[in-house]
Amino acid sequence: GNSVTQMEGPVTLSEEAFLTINCTYTATGYPSLFWYVQYPGEGLQLLLKATKADDKGSNKGFEATYRKETTSFHLEKGSVQVSDSAVYFCALVIQGAQKLVFGQGTRLTINP
Amino acid sequence: DTAVSQTPKYLVTQMGNDKSIKCEQNLGHDTMYWYKQDSKKFLKIMFSYNNKELIINETVPNRFSPKSPDKAHLNLHINSLELGDSAVYFCASSRVAGGRQETQYFGPGTRLLVL
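Residues numbered from 1 in each chain as written. Chains lettered and ligands numbered in written order. Predicted model: local features only at pLDDT ≥ 70, side-chain atom pairs only at ≥ 80, totals over all residues. Heavy atoms only, no water.

1. Points about the sheet that holds strand 3 (residues 19-25) of chain B
All names here are of chain B. With antiparallel pairing, the four strands of this open sheet are ordered in space as 1-3-8-7. This sheet does not close on itself; its edge strands, each paired only once, are strand 1 (4-7) and strand 7 (64-70). The mean inter-strand angle of the sheet, taken between neighbouring strand axes irrespective of direction, is 20°. Relative to strand 8 (residues 73-78), strand 7 runs antiparallel, the two being bridged by five bridges. From the neighbouring strand, Pro 66 faces strand 8, where its bridge partner is Leu 76. (Pairing = 2+ DSSP bridges. Helix = DSSP H or I, 4+ residues; strand = E, 2+ residues; numbered from the N terminus. Axes fitted to C-alpha atoms, helices over the stretch in contact; angles between N-to-C directions.)

Shown next as structure tokens:
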């Protein structure tokens, strides 16, 4: 089946630290990959996406590269801010299936 | 401008009651979804409608009945509420173009608490 596995949280970092949140997937077919972010008390917002192998999605200083050979889509940011504190979800969609499959979410806390 | 909106934002009710959650999108999308987020933040799809037709029903109890009066609305009615229904329910929408699904956009969520 199709599934997404994210690194276990919670993750706590200091401001300006380097961030990596690991995400790997299992898919039948060629998925599109997404990172969504959920700020406290809010809904999900699309952070970035990649639709084919070797694509790099980027937004707000975050980046993730679609790696077909390692079935991964790790999220990175060079210097995190307190305002980046949120829950981050990796997700995939198989074209034709029309449903997002989410990872379990990783809670990120950035301390000043 | 609100893209995907849900009402109510919070819903507290007693076990056994019937309640509805409404969702509207003004993005011109043709596909709408309901997801459930449990207390551990895990998100799972419940239903998907394309052009008012049900296309995904992920083994959700039949106490849950989605209704899509038009492409811009997908409402969720829940009968005989149970404690385990307490969760955050998210509506989402997307466009399907040439058989390819585009990005899903989410509403702010409805926090349901069953007492």
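This is not the end of the story, as more comes after the structure.
2. Some remarks on the pairing of strand 8 (residues 62-65) of chain A
All names here are of chain A. Pairing of strand 7 (residues 56-59) with strand 8, which is carried by four bridges, proceeds in the antiparallel orientation. Among the inter-strand pairings, Gly 57 is bridged to a residue of strand 8, identified as Ala 64. The hairpin formed by strand 7 and strand 8 contains two residues between the paired strands, and Lys 60 there has a positive phi angle of roughly 55°.

3. Quick word on the pairing of strand 2 (residues 11-14) of chain A
Residues and elements named next belong to chain A. Burial of strand 2 is one-sided: the residues Val 11 and Leu 13 facing one way are buried, the residues Thr 12 and Ser 14 facing the other way are not. Of the pairings in the sheet, the one linking strand 2 to strand 12 (residues 106-111) comprises four bridges and is parallel in character. The residue of strand 12 that forms the bridge with Val 11 is Leu 108. (Buried < 20%, exposed > 50% of the residue type's maximum accessible area, 1.4 Å probe, protein only.)

4. Details of the nonpolar core
Grouped together as the largest cluster of nonpolar side chains are 28 residues, with contacts concentrated most on Trp 35, Leu 47, Leu 48, Phe 73, Leu 75 and Tyr 88 of chain A. Among the secondary structure elements, those contributing two or more residues to this core are strand 2, strand 3 (19-21), strand 4 (23-26), strand 5 (31-38), strand 6 (44-50), strand 8, strand 10 (86-94) and strand 12 of chain A. The dominant element in this core, judged by the number of residues it contributes, is strand 10 of chain A, at five residues. Grouped together as the second largest cluster of nonpolar side chains are 20 residues, Met 32, Phe 64, Leu 76 and Ala 87 of chain B included. (Core = buried A, V, L, I, M, F, W, Y, C linked by side-chain atoms within 4.5 Å.)

5. Here we look at the confidence of the model for chain B
Looking at chain B as a whole, the pLDDT averages 91, with 97% of positions reaching at least 70. By mean pLDDT, the top-scoring element of chain B is strand 3 of chain B (97), and the lowest-scoring one is strand 11 (residues 100-101) of chain B (72). (pLDDT = per-residue confidence, 0-100.)

6. Overview of the state of the cysteines
By the definition in use, this model includes two disulfides over all chains. Each sulfur of the disulfide joining Cys 23 of chain A and Cys 90 of chain A lies 2.0 Å from the other. One quick way to see it: the torsion about the S-S bond of Cys 23 of chain A and Cys 90 of chain A is about -70°, and its sign makes the bridge left-handed. Remark: Cys 90 of chain A occurs in strand 10 and Cys 23 of chain A occurs in strand 4; sequence separation between them is 67 residues. A residue is classified by how much of its surface remains accessible, and Cys 23 of chain A, at 1% relative accessible area, is buried. Across the disulfide, Cys 23 of chain B is cross-linked to Cys 91 of chain B (sulfur-sulfur distance 1.8 Å). Because the torsion about its S-S bond is -80°, the bridge between Cys 23 of chain B and Cys 91 of chain B counts as left-handed. With Cys 23 of chain B in strand 3 and Cys 91 of chain B in strand 9 (residues 87-94), this pair connects stretches of sequence that are 68 residues apart. Per residue, the accessibility class of Cys 23 of chain B equals that of Cys 91 of chain B, and both read buried. (Disulfide = S-S within 2.5 Å.)

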